[in-house]
Every structure is written in C-alpha cells, then in structure tokens.
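# Working through the structure, step by step
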Amino acid sequence: MTDAADLRRRTAALLAAHPVATTDRLDFLRARFDAGLAWVHFPEGLGGLGAPRALQAVVDAELTAAGAPDNDPGRIGIGLGMAAPTVLRYGTEEQRRRFLRPLWTGEEVWCQLFSEPGAGSDLAGLATRAVRDDGGDWVVDGQKVWTSSAHLARWAILVARTDPTVPKHRGMTYFVCDMTDPGVEVRPLRQITGEAEFNEVFLTGVKIPDAHRLGEVGDGWRVAQTTLMNERVAIGGARTPREGGMVGVAAAAWRAHPELRTHDLHQRLLKLWVDAEVARLTGERLRQQLTQGQPGPEGSGMKLAFARLAQQISGWEVEFRGEDGLTYDDWTLRRPEGVDFTGRVAGYRYLRAKGNSIEGGTSEVLLNIVAEHVLGLPPEPRTDKDVAWKDLPR
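From a predicted model like this one, the values you see are computed outputs, not experimental measurements.

### Focus: the nonpolar core
Core analysis: the biggest nonpolar cluster contains 36 residues, and Trp39, Leu100, Trp110, Phe114 and Tyr174 have the highest contact counts within it. Mapped onto this core, the elements with two or more residues apiece are helix 2 (25–34), helix 4 (77–90), helix 5 (93–105), strand 4 (155–161), strand 5 (172–178) and helix 6 (220–236). Residues in contact with Trp110, not counting those within four places in the same chain, are Ile78, Gly79, Ala83, Phe99, Leu103, Ser149, Ala153, Trp155, Ala156, Ile157 and Val176. With 18 residues, the next largest nonpolar core counts Cys111, Ala150, Val184 and Val201 among its residues.

If you want it as structure tokens, here you go:
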C-alpha cells in the first residue's frame, strides 16, 4: 500500500535521477509520469500508482519545494480535467497508453466538441452526424461551438449522432477526433472581453477510425456524463487557499483603497467573503468524496456557486472602484492559450464572469440537476424523451 512516506521517497528518487537545474522540462515531466507521480490515483503504467487521490498533494508539495516544472495546467485543463478521466474509464488499454502520457505532459492539447448552435443547454439534441463507412470507420459532418482551445488542440473529445431513429439520449456515440484532419475548420469567436478563447468548429467529411471510439456505439450519452461531471468539478471545485480567487482580488482592492469604502459596500463584501469561504470548504469536502470514486451531481452545485460568486464579486469590484472600474485595458482580438478568470483589470473580470453561468453547463440546467439528483425533487415533465430524434420538432 503506497503511503505518504513512500511517495516522498519516490519523489526524492525522481529528483535525484533528474535534477531540476539540469534536466529539460519535457524530459522531467515524462520521467515524472513514468514514475507514477503524475496523478497517483491512476493505475500503474498510466502515470499513477493506484494510490489514494488525496496523496497527490504530498507529491505536489515536494516537487514545488524543489522548484520542479509543472505541466502548465491552465493551458491543458480540458485534457486533464475532462478527457483524461473519460479515457481512463472508457478507453481501451491501447487508447489509454496512446493518449494519457502526452496529454499529461502537455505535448498534446485537447479540446471539447460537444455544444452546437442548436444543442447547447440540451446537449442530447445535437445534430452532428457520424456515419459508418464500408471499412467500419466513421465519417463526421456537423458544427460545434464554444470550443475552448480548438485553435491549439491536437485532439478533441467529440459526441456525434450515430442513430437518428432512436430517442435522442440513445443515439449518440463518443469519439476522439483528430483536429489536424483536413475536414476540421476552426474559426475564432470574439467574446465580450475582446478575446477569442472560444471557437466554432466545422466538421466536413472528417474521418475517425473506429479505434478512436470511446465506449459502445450508441452509448455516447453515458460516456459524456463522465466528462461533464468531471468538467463541473474542474471549473467549480478547483482548490484555492482562503481568500483566493475572485474574492481575494476584491479584498485586496478594499484594503488598498480606504478612500473608496462605504458602509454598504463593506457589508456586501463581508457577505461575499463568507459565501466564498463556504464554497471553498464545500469544495474541500467534495474533493474528499472524490477519493472514494467518480464525481457525482454534487459537482453541479459547486459549479453553480462558482458562477454566482464570480459574477457577484466582479460586479461588487466594478462598483467599488467607481470610474476606474469602467476602464478597459485592451480590446484587441487575442487568442489566449488559457483562461484567467481573475486576470487583467476589473472591467475584464466583470465581463469574463458573464460566461461562467454558460460554460460547463448553463446555470439553469445545473439547477435542474441539483434539484433532481441531489435534492430528489420530481423531474419536470418531458415530452421528448421517448421520441425518435429524427421526429423531434426543430
């Protein structure tokens, strides 16, 4: 049984064999993966040691203290938080060994081809088609939207409709799509912030080998649920220190500008600080639950809280700063490599937070998930669950 002491020994051995000062960054990351210290709860040979998930903090602390390089998680967050758990759970052994190592080291960036212009909140209504060819592989045609990092990605996790004659939840299949295929076209979507971290992706005759299918044909909805649950935990349940994240930015502004303080703003900031601390501690509890298995619908509640707090706190900060809160640094179209929810100026933070209640599942849909799957409330009537997708009104 791997314990904290054993992990410290293994980490020390890694550092001795690959000194931080003289080892190439990528070589170090590859060696860390091969030593099972990438994500210790993964199986041996796949970046882990089959150890409890909670022990990852032991490895991370030792490597941080030694000044070891990280894998730039902000840049490869979709791969780490969404693709990797899905590949691990549903992938074949060959798929796991092909995709997980370069995913973790950052050699290959991943994106998510789920949402469509006509299937955002209702993902099961998607229309992108995957048709099997004579050789048993697949040809995909359709359009996806709100695709973060598509302009950087080597691979994508893709859900497509493979059988339009059955109800919408039962006719989808999950694939790994090669973003370098000539049928893939990526176009930037400029946001209210001026940036284009999102994209729309057009798929025209994209060929996907059946060996890049995850799960059974027609079982794409179940596979996608693993991705979505992990996505919501990754967005809403990220570990932050006390007074970290957006509330830390607001608190720093309060301390730095006593001339702007008012009693009303003080009372509102105190409430937001308490709410942020409650959310942080709830996230810690959720991560402890994750050590016992896969994420559940509770992650939807965390993502809801994250979006609400980000929007309320950024709104408070703009109001607190007065005229300075309305200034903006640069509207130039950018295509960033990662998302910085707390970066740049107050105006940027305020505008960027507007997307928090859309990305990773809209707040309205997540409220339904929490109501039905956490609180046990009766579901809303749905007339389309048993109707063939091809017969649904559009």
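### Things to note about the pairing of strand 3 (residues 138–144)
Sheet topology note: the strand 2 (residues 129–132)/strand 3 ladder contains four bridges and is antiparallel. The partner of Arg132 across the bridge, within strand 3, is Trp138. Hairpin remark: strand 2 followed by strand 3, antiparallel, with five residues in the connecting loop; positive phi at Gly136, about 95°. Inspection of the sheet shows strand 3 paired to strand 7 (residues 198–208) by six bridges, in the antiparallel sense. Counterpart to Lys144 in the pairing with strand 7 is Val201.

### Considerations on the pairing of strand 7
Taking burial as the measure, the eleven residues of strand 7 include eight buried ones, the bulk of the element. Taken together, the six bridges between strand 6 (residues 184–189) and strand 7 define a ladder with antiparallel strand orientation. Each bridged residue has a counterpart across the sheet, and for Glu185 the counterpart in strand 7 is Phe202.

### What to know about the pattern of salt bridges
Within the structure shown, the criterion is met by 35 salt bridges. Of the charged contacts in the structure, one is a salt bridge between Arg9 and Asp6, with a shortest N-O distance of 3.8 Å. Highlighted residues: Arg9 and Asp6, both in helix 1 (residues 4–17), separated by three residues, approximately one helical turn. The exposure class of Arg9 is exposed, given its relative accessible area of 54%. Residue classification places Asp6 among the buried positions, given a relative accessible area of 16%. The closest approach of N and O atoms between Asp391 and Lys390, which form a salt bridge, is 3.2 Å. Lys390 gets classed as partly exposed once you look at its relative accessible area, which sits at 48%. Among the charged side chains, a network of salt bridges with common partners joins Asp6, Arg9 and Arg10.

### A few points about the packing of helix 1 against helix 3 (residues 56–65)
The interhelical angle for the contact between helix 1 and helix 3, taken along N-to-C directions, is 35°, at an axis separation of 9 Å. Along this stretch, helix 1 crosses helix 3, giving a crossing that reads as right-handed. For the pair helix 1 and helix 3, contact is made by Ala4, Leu7, Arg8, Thr11, Leu14 and Leu15 and by Val58, Val59, Glu62 and Leu63, respectively. Considering only residue class, the contact of helix 1 with helix 3 consists of seven nonpolar, one polar and two charged.

The rules behind these values
Residues numbered from 1 in each chain as written. Predicted model: local features only at pLDDT ≥ 70, side-chain atom pairs only at ≥ 80, totals over all residues. Heavy atoms only, no water. Core = buried A, V, L, I, M, F, W, Y, C linked by side-chain atoms within 4.5 Å. Buried < 20%, exposed > 50% of the residue type's maximum accessible area, 1.4 Å probe, protein only. Helix = DSSP H or I, 4+ residues; strand = E, 2+ residues; numbered from the N terminus. Contact = heavy atoms within 4.5 Å. Pairing = 2+ DSSP bridges. Salt bridge = Lys/Arg side-chain N within 4 Å of Asp/Glu carboxyl O. Axes fitted to C-alpha atoms, helices over the stretch in contact; angles between N-to-C directions. Left-handed = near helix turned anticlockwise from the far one by under 90°. Nonpolar A, V, L, I, M, F, W, Y, C, P; charged D, E, K, R; others polar.

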